[in-house]
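The chain contents come next:
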Amino acid sequence: MSGHQDGRLRARWRRATRLLAAAAAMCTGSLVLTAALTTGTATASPVERAALAAPAVTSVTAGGAHTCAIRADGGLWCWGSNYGGQLGDGTTTNRGTPTRVGTATWTGVDAGSGHTCAVRTDGTLWCWGSNFRGQLGDGTTTSRSTPVQVGTATTWARVDAGPEHTCGVRTDGTLWCWGFNRLAQLGVGSSPYVATSPLRVGTATNWASVSTGYAHTCGVRTDGTLWCWGFSSDGQLGLGNLGSSATPAQVGTATTWTGVTAGYAHTCGIRSGALWCWGENGYGQLGVSGSYQTSPVQIGAATTWSRVGASGDTSCASRTDGSLWCWGRNSNGQVGDGTTSHRSAPVQVGSATTWTGVPAATDHTCAIRTDGGLWCWGDNSGGQLGDGTTTQRTSPGQVTLPA
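Owing to the predicted nature of the structure, the values given are computational and were not obtained by experimental measurement.

Student: I would appreciate a short explanation of the state of the cysteines in the present structure.
Tutor: Two cysteines joined by a covalent bond between their sulfur atoms form a disulfide. Under the defined criterion, the tally for this structure stands at 7 disulfides. One disulfide in the model links Cys 68 with Cys 78; its S-S distance is 2.1 Å. The S-S bond linking Cys 68 to Cys 78 shows a torsion near 110°; that makes this disulfide right-handed. Taken as a pair, Cys 68 in strand E3 (residues 66–71) and Cys 78 in strand E4 (residues 76–80) lie far apart in primary sequence, 10 residues in all.

Written out as structure tokens, the structure reads:
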């Protein structure tokens, strides 16, 4: 780890993760991925036909120790650790296999450390799980074991849940954040300390996406510019220094950013097909050797990167050829290369070239293939791999949602 880092924050993060793991008997980040579905049962083997017959998954997100996925029919399913009600099934009981969240239909979902938020097909936003920092956005700090609506707006387009704060973009291009704001991660200044309802971030109406880290947040606008704000202990804002920013600050001058993802204290983004990362690098999560980076550094020379996802200290990205690559912290096998060795450069996950969308990486990783099949690997202490066990997996294993 870098010597200058805020040790209390790191200790607090790690302590919380250990507690969540214990509760599983069992937690940080997230990201959503969307799949383009294909068929092909005519030439498939019996085993392949059985996999193809399983309900197709179109979206998945990995929380600290739980996972949620949306099927092609819009049904939402969650599994894993449930100490705070983050599975949304009305209990606090861990689930080792997928369980459906109500009967509503959904378009997007994202999981934080101990809470989950999702957008319904009617444009309403709902959150559930731990709420001690107001991260559910329902005006309280009361935890919920079933979905509760965030305000009354019906124009939510996407949501991103961090460890203790949440942000979302509406269809009018406005950006809203709520939850913990001790380090200005909400982008509205240093006050309030906690926001239990959504607060609008600035006046811009051209936000395309947002990603929440531990104490920083980044977003891409429709003009291709990249903006970050919050804490910058290791340069995770990408501004060329270790200074924090209480409101959105532009990262460089480029106007070709197509995506960004915020990890614990690092950030990665794609620009014109090239992959760039910055911030903390204690586990090699930047994809290069060396110490922290306060400005974006390019990972290799490839310009065929399509999607990137990161949370905690692990990063994963897919290329246009359908291959999947991961790097960084690998204590639980979340890199997916069959080992538990940390990686400071991207390593390919198997040999498949049918991965699609943004990989969801935390202490466990999940990704979707073009046939709609869902695969997960890494930590399984809370049953988050969905295979009915709590056994760690260092390479991808398929998850089957009930018919």
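Student: What's the story with the sheet that holds strand E8 (residues 125–129) in this structure? I'm lost.
Tutor: Sheets are built from strands paired through backbone hydrogen bonds, the pairs being either parallel or antiparallel. If you walk across this open sheet you meet the 4 strands as E6-E7-E8-E9, and the pairing is antiparallel. Looking at which strands have only one partner, the edges of the open sheet turn out to be strand E6 (106–111) and strand E9 (144–149). Averaged over all pairs of adjacent strands, the angle between their axes in this sheet comes to 20°, without regard to strand direction.

Student: Can you help me understand the pattern of salt bridges in this one?
Tutor: Side chains that differ in sign of charge can pair as their charged atoms come close. Under the counting rule described, the total for this entry stands at 5 salt bridges. Of the charged contacts, one joins Asp 89 and Arg 95 as a salt bridge, the two residues approaching to 2.8 Å between their closest N and O atoms. Given the relative accessible area of 28%, Arg 95 is considered partly exposed. The partner of Arg 393 in a salt bridge is Asp 387, with the nearest N and O atoms 3.1 Å apart.

Student: Looking at this structure, how should I read the packing of aromatic side chains?
Tutor: Each aromatic ring pair is described using two quantities: the centre-to-centre distance and the angle formed by the ring planes. Considering all chains together, one arrives at 9 aromatic pairs under this definition. Relative to Trp 229, the ring of Trp 207 has its centre 5.8 Å away and its plane inclined at 70°; by these criteria the two rings are edge-to-face. Linking Trp 207 in strand E14 (residues 207–212) with Trp 229 in strand E16 (residues 226–230), this pair joins segments that are 22 residues apart in sequence. Accessibility expressed as a relative area gives 3% for Trp 207, which makes it buried. Looking at Trp 229, the relative accessible area reads 0%, which means it is buried. Seen from their ring centres, Trp 355 and Trp 377 are 5.9 Å apart, and the 65° between their planes marks the pair as edge-to-face. With Trp 355 in strand E26 (residues 355–361) and Trp 377 in strand E28 (residues 374–378), this residue pair connects regions lying 22 residues apart in the sequence. Of the two residues examined, Trp 355 and Trp 377, each falls in the buried class. Grouping aromatic residues by their ring pairs yields a cluster made of Trp 305, Trp 325 and Trp 327. We note Arg 271 situated over the ring of Trp 276; from NZ or CZ to the ring centre the distance is 4.2 Å.

Student: Hey, could you run me through the pairing of strand E18 (residues 257–262) in this one?
Tutor: In the case of a regular strand, side chains alternate between the two sheet surfaces. Counting buried residues in E18 gives 5 out of 6 residues, a clear majority hidden from the surface. Of the strand pairs in this sheet, E18 and strand E19 (residues 266–271) are connected by 5 bridges, and their pairing is antiparallel. The residue bridging Val 260 from the neighbouring strand is Gly 269, located in E19. The loop that links E18 with its antiparallel partner E19 comprises 3 residues.

Student: In this structure, what is going on with the sheet that holds E14? I would like to understand it.
Tutor: On the basis of which strands lie adjacent, the open sheet formed by 4 strands has the order E14-E15-E16-E17 and antiparallel pairing. Strands at the two margins of the open sheet, each flanked by one partner only, are E14 and strand E17 (245–250). On average, each strand axis in the sheet is tilted by 15° relative to the strand beside it, whichever way the strands run. As defined by bridge partners, E16 adjoins E17 across 3 bridges and the pair is classed as antiparallel. Paired with Cys 228 across the strands is Ala 249, a residue of E17.

The rules behind the values
Residues numbered from 1 in each chain as written. Predicted model: local features only at pLDDT ≥ 70, side-chain atom pairs only at ≥ 80, totals over all residues. Heavy atoms only, no water. Disulfide = S-S within 2.5 Å. Helix = DSSP H or I, 4+ residues; strand = E, 2+ residues; numbered from the N terminus. Pairing = 2+ DSSP bridges. Axes fitted to C-alpha atoms, helices over the stretch in contact; angles between N-to-C directions. Salt bridge = Lys/Arg side-chain N within 4 Å of Asp/Glu carboxyl O. Buried < 20%, exposed > 50% of the residue type's maximum accessible area, 1.4 Å probe, protein only. Phe/Tyr/Trp six-rings, centres within 6.5 Å; stacked < 30°, edge-to-face > 60°. Lys NZ or Arg CZ within 6 Å of the ring centre and 35° of its normal.

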